[in-house]
There are 2 protein chains.
Amino acid sequence: MAKSDTKSETVRSPRVPKRTSSASRPARRPASAKTETPYHHGALREALLQAAERVLERDGLAGLTLRAVAREAGVSHAAPTHHFGDLTGLVSELAAIGFRQFNAAMASACDSATTPLSRALARPKAYVAYAQAHPGMYGLMFRTERLDYARPSLHEAAESSFAGLANAIGAMRQEQISGDALTLDQGAAIARAWSMVHGFTMLLLDGRLEDILERLPAGTTAEQLLEAILKSTLATKFPA
Amino acid sequence: MAKSDTKSETVRSPRVPKRTSSASRPARRPASAKTETPYHHGALREALLQAAERVLERDGLAGLTLRAVAREAGVSHAAPTHHFGDLTGLVSELAAIGFRQFNAAMASACDSATTPLSRALARPKAYVAYAQAHPGMYGLMFRTERLDYARPSLHEAAESSFAGLANAIGAMRQEQISGDALTLDQGAAIARAWSMVHGFTMLLLDGRLEDILERLPAGTTAEQLLEAILKSTLATKFPA
DNA sequence: GCGAAATCTTTACACTGTCAATATTGCGTC
DNA sequence: GACGCAATATTGACAGTGTAAAGATTTCGC
């Protein structure tokens, strides 16, 4: 299965045309048999993205390579290049998918909230829950330097995610958050909420909250710790 | 300067002993001339760590490779292996240095605070300031999966950093934080402070706060945004 | 002084991203 | 339907990476 690519040939082949027009390959594909893998995949771009997500969640960020994705999808190692340009392209498109998944999860969580307090808690809890359910994706979205935000799909998905956050903060403050200008108070409220939830998520995924969790009363979960944090933060708004 | 290592030799050399005892090398080193680079470096380990920090801050995390560090230090590409085992080892030792630098900066910042409010603000501000001054180091310490916390130097330095945070929170709550057990309230306070500052720092370094900053009144800096966040958080403790 | 251990270099190999050249197929146009 | 071109996929090559093994050199303990 393509274990070694560079065979270090004895002589540097001087680009001889060879002209092996489908007769040199012994019997790889009997000329348009639908059951065999055709030369043209048909929907390789989507297949590659799905393969990439599988590889990411299975092998982590370090295992997410162009060649690994190509292997997972069963195509040659250079096939992804044609669809995504380079690794940055593939990673950026996958991150855009992650942001859309994430946005959908957040919207769904907000819908199912009833009381004001539960509305205030639903969003951050869903945030952390998404990251725990898709740690690879969350890491791809937030800890990769290799993202190209100039790509429209990624830019739009990330922008939409930010807008959702800003709107939620605005609703909690009972203000209309304008798209153009923010007061320092508004900006601070948004940055504070985002920083706290993002920071908590990163520390949790990195295992750095273990030191705290194991010192808490036995059996305390990360979710309970998060809820305690949120309630202490919201204490002024929702006095017990 | 060792531009290409794998020359793809024509014939696979079958390990012939060759016996070239210092006569085959023409005149590389005239037998113990102190001005020339000696075979034994003497303090290569420290030199490698300093070279690694230079490479990290110059070329970023992606540029921090074993071979790049070796080039920077002027030794062969496999020299670091002997001192650090593998890339994880080098990166972990460098991260330990980062944590010690960081701890020193935090301690210094706390000393120079006078009023209770300034004491409460000094630590997070110094935290963000360190990350901005050493973005490569901070990224190494907090966004690398390739850290081996089993290494005593790294474990100890990171532990000390956490202890400093816990003590600062305890002082603010006017409680004695025990090393063994925490109440849920205490754990939540520590995790909340750490999450917020860490999250703010990561978002800032990643440029994700730009969307907010450019919507704030013209000229607002990240430091001012941070201060607004901190003051709103501390409003209950230090009413204006 | 001498052998052993520590240190550093050399060599090799599997893996990676990326580019160039080639092969194959689909599709619009006659 | 046949032709030609563009899109798609493969093959091959190359520079770079980490890492392991083996050789060269120096230092150190005795």
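Residues numbered from 1 in each chain as written. Chains lettered and ligands numbered in written order. Predicted model: local features only at pLDDT ≥ 70, side-chain atom pairs only at ≥ 80, totals over all residues. Heavy atoms only, no water.

What about the overall build of chain A?
Along chain A, the regular secondary structure elements total 10 helices and zero strands. Helices (α) and strands (β) of chain A occur, in sequence order from the N terminus, as α-α-α-α-α-α-α-α-α-α. In chain A, which comprises 240 residues, the proportion classed as buried is 40%. The contacts in chain A between residues at least 6 apart in sequence include a share of 65% that link residues at least 24 apart. Accessible surface for chain A amounts to roughly 13600 Å². Of this, 54% is attributable to carbon and sulfur atoms. (Helix = DSSP H or I, 4+ residues; strand = E, 2+ residues; numbered from the N terminus. Buried < 20%, exposed > 50% of the residue type's maximum accessible area, 1.4 Å probe, protein only. Contact = heavy atoms within 4.5 Å. Areas by Shrake-Rupley, 256 points an atom, 1.4 Å probe, with all protein chains shown as cover.)

Let's talk about the packing of aromatic side chains
Throughout the structure, instances matching the rule amount to 12 aromatic pairs over all chains. Seen from their ring centres, Phe-99 of chain B and Phe-142 of chain B are 5.7 Å apart, and the 65° between their planes marks the pair as edge-to-face. Pair noted here: Phe-99 of chain B is in helix 4 (residues 87–111) and Phe-142 of chain B is in helix 6 (residues 135–142), with a separation of 43 residues, a long-range link. Exposure class is identical for Phe-99 of chain B and Phe-142 of chain B. Each is buried. Ring centres of Phe-102 of chain B and Tyr-130 of chain B lie 5.5 Å apart, and the angle between their planes is 75°; on these two criteria the pair is classed as edge-to-face. A residue pair is termed long-range when its members are at least 10 positions apart, and Phe-102 of chain B in helix 4 and Tyr-130 of chain B in helix 5 (residues 116–133) qualify at 28 residues. Three or more aromatic residues joined by ring pairs form one cluster here, namely Phe-99, Phe-102, Tyr-127, Tyr-130, Tyr-138 and Phe-142 of chain A. (Phe/Tyr/Trp six-rings, centres within 6.5 Å; stacked < 30°, edge-to-face > 60°.)

Topic: the relation of the copies chain B and chain A
Relative to chain A, chain B is turned by 180° and slid 0.0 Å along the rotation axis, the superposed coordinates differing by an RMSD of 0.1 Å. Those values place the two copies in the arrangement expected of a two-fold rotation axis. Interface overlap between copies: 96% of the residues of chain B at the interface are likewise at the interface in chain A, consistent with a symmetric, same-surface contact. (Least-squares fit on C-alpha atoms with pLDDT ≥ 70 in both.)

Describing the packing of helix 4 (residues 87–111) of chain A against helix 7 (residues 152–172) of chain A
Residues and elements named next belong to chain A. Contact pair helix 4 / helix 7: the axes reach a minimum separation of 8 Å and the direction vectors enclose 25°. One way to sum up the angle between helix 4 and helix 7 is to call them roughly parallel. Relative to helix 7, helix 4 is oriented so that their crossing is left-handed. Where helix 4 approaches helix 7, its residues Ser-92, Glu-93, Ala-95, Ala-96, Phe-99, Arg-100, Phe-102 and Asn-103 are matched on the opposing element by Ser-153, Leu-154, Ala-157, Ala-158, Ser-160 and Ser-161. (Axes fitted to C-alpha atoms, helices over the stretch in contact; angles between N-to-C directions. Parallel < 35°, antiparallel > 145°, perpendicular 65-115°, else oblique. Left-handed = near helix turned anticlockwise from the far one by under 90°.)

Points about the layout of surface pockets
Considering only enclosed or pocket space, the second largest pocket measures out at about 820 Å³ in volume. Lining the second largest pocket are 21 residues, with Leu-61, Ala-62 and Glu-145 of chain A together with Ala-62 and Glu-145 of chain B sitting closest to its centre. Elements represented by at least two residues in the lining of the second largest pocket include exactly helix 1 (44–63) and helix 4 of chain A together with helix 1 (44–63) and helix 4 of chain B. Each residue belonging to the lining of the second largest pocket can be placed in one class, and the counts come to 11 nonpolar, four polar and six charged. (1 Å grid on protein atoms, 1.4 Å probe; cavity = no way out; pocket = protein on both sides within 12 Å on 5 of 7 lines; lining within 4 Å. Points joined across faces, edges and corners; volume = space filled by probe spheres on them. Nonpolar A, V, L, I, M, F, W, Y, C, P; charged D, E, K, R; others polar.)

Describing the interface of chain B and chain A
On the side of chain A, 47 residues touch chain B, which itself brings 48 residues to the contact. Taken together, both faces of the contact between chain B and chain A bury some 4000 Å²; the carbon and sulfur share is 62%. Applying the counting criterion to the chain B and chain A interface returns three salt bridges. Arg-143 of chain B is paired through a salt bridge with Glu-145 of chain A; the nearest N and O atoms lie 4.0 Å apart. Between chain B and chain A we count 11 residue pairs in polar contact (both at pLDDT 80 or more) in total. (Buried area = accessible area lost by both parts, 1.4 Å probe. Salt bridge = Lys/Arg side-chain N within 4 Å of Asp/Glu carboxyl O. Polar contact = N/O pair within 3.5 Å; in protein donor to acceptor, adjacent residues only side chain to side chain.)

Notes on the environment of Phe-99 of chain A
For Phe-99 of chain A, a relative accessible area of 2% puts it in the buried group. The spatial distance from the C-alpha of Phe-99 of chain A to the C-alpha of Thr-65 of chain A is 20 Å, given a sequence separation of 34 residues. Setting aside residues up to four positions removed in sequence, Phe-99 of chain A forms contacts with Met-141, Phe-142, Tyr-149, Leu-154, Ala-157, Ala-158 and Ser-161 of chain A together with Arg-208 of chain B.

Quick notes on the side chain of Thr-220 of chain B
Mapping Thr-220 of chain B onto the fold places it in the loop between helix 9 (210–213) and helix 10 (222–233). Thr-220 of chain B has contacts with Leu-184 of chain A together with Leu-213 of chain B, leaving out every residue within four places of it along the chain.

A word on the confidence of the model for chain A
Detail in the predicted coordinates should be disregarded across regions flagged by low pLDDT. Per-residue confidence for chain A gives a mean pLDDT of 85, with 84% of residues at or over 70. Counting interchain partners and residues more than four positions distant, the pLDDT-below-50 stretch residues 1–35 of chain A has 16 contacts. (pLDDT = per-residue confidence, 0-100.)

A closer look at helix 2 (residues 66–73) of chain A
Two residues of an α-helix separated by three or four positions point the same way, owing to the 3.6 residues in each turn. Residues and elements named next belong to chain A. Within the sequence span of helix 2, burial applies to Ala-68, Val-69 and Ala-70. Those residues of helix 2 that are buried are in contact with helix 1, helix 3 (79–84) and helix 4. Directly after helix 2, the chain includes Gly-74, whose backbone phi takes a positive value near 75°.

Re the packing of helix 4 of chain B against helix 6 of chain B
All names here are of chain B. Two numbers describe how helix 4 lies on helix 6: the axes approach to 9 Å, and their chain directions differ by 115°. At the point where helix 4 passes helix 6, the crossing takes the left-handed sense. Here Val-91, Leu-94, Ala-95, Ile-97, Gly-98, Phe-99, Gln-101 and Phe-102 of helix 4 lie close against helix 6, whose contacting residues are Met-137, Leu-140, Met-141 and Phe-142. Residues of the contact of helix 4 with helix 6, tallied by class, amount to 10 nonpolar, two polar and no charged.

Side note on the pattern of salt bridges
Close approach of charged atoms allows side chains with opposite charge to pair. Counted by the stated rule, this structure contains 23 salt bridges over all chains. Residue Glu-93 of chain A pairs with Arg-45 of chain A through a salt bridge whose shortest N-O separation is 3.3 Å. Highlighted residues: Glu-93 of chain A in helix 4 and Arg-45 of chain A in helix 1, separated in sequence by 48 residues. One salt bridge connects Arg-58 of chain B with Glu-72 of chain B, and the closest N-O pair in it is separated by 2.4 Å. Of this pair, Arg-58 of chain B sits in helix 1 while Glu-72 of chain B sits in helix 2 (residues 66–73), and the two are 14 residues apart along the sequence. With a relative accessible area of 49%, Arg-58 of chain B lands in the partly exposed category. Overlapping salt bridges bring together Arg-54, Arg-58, Asp-59 and Glu-72 of chain A as one network.

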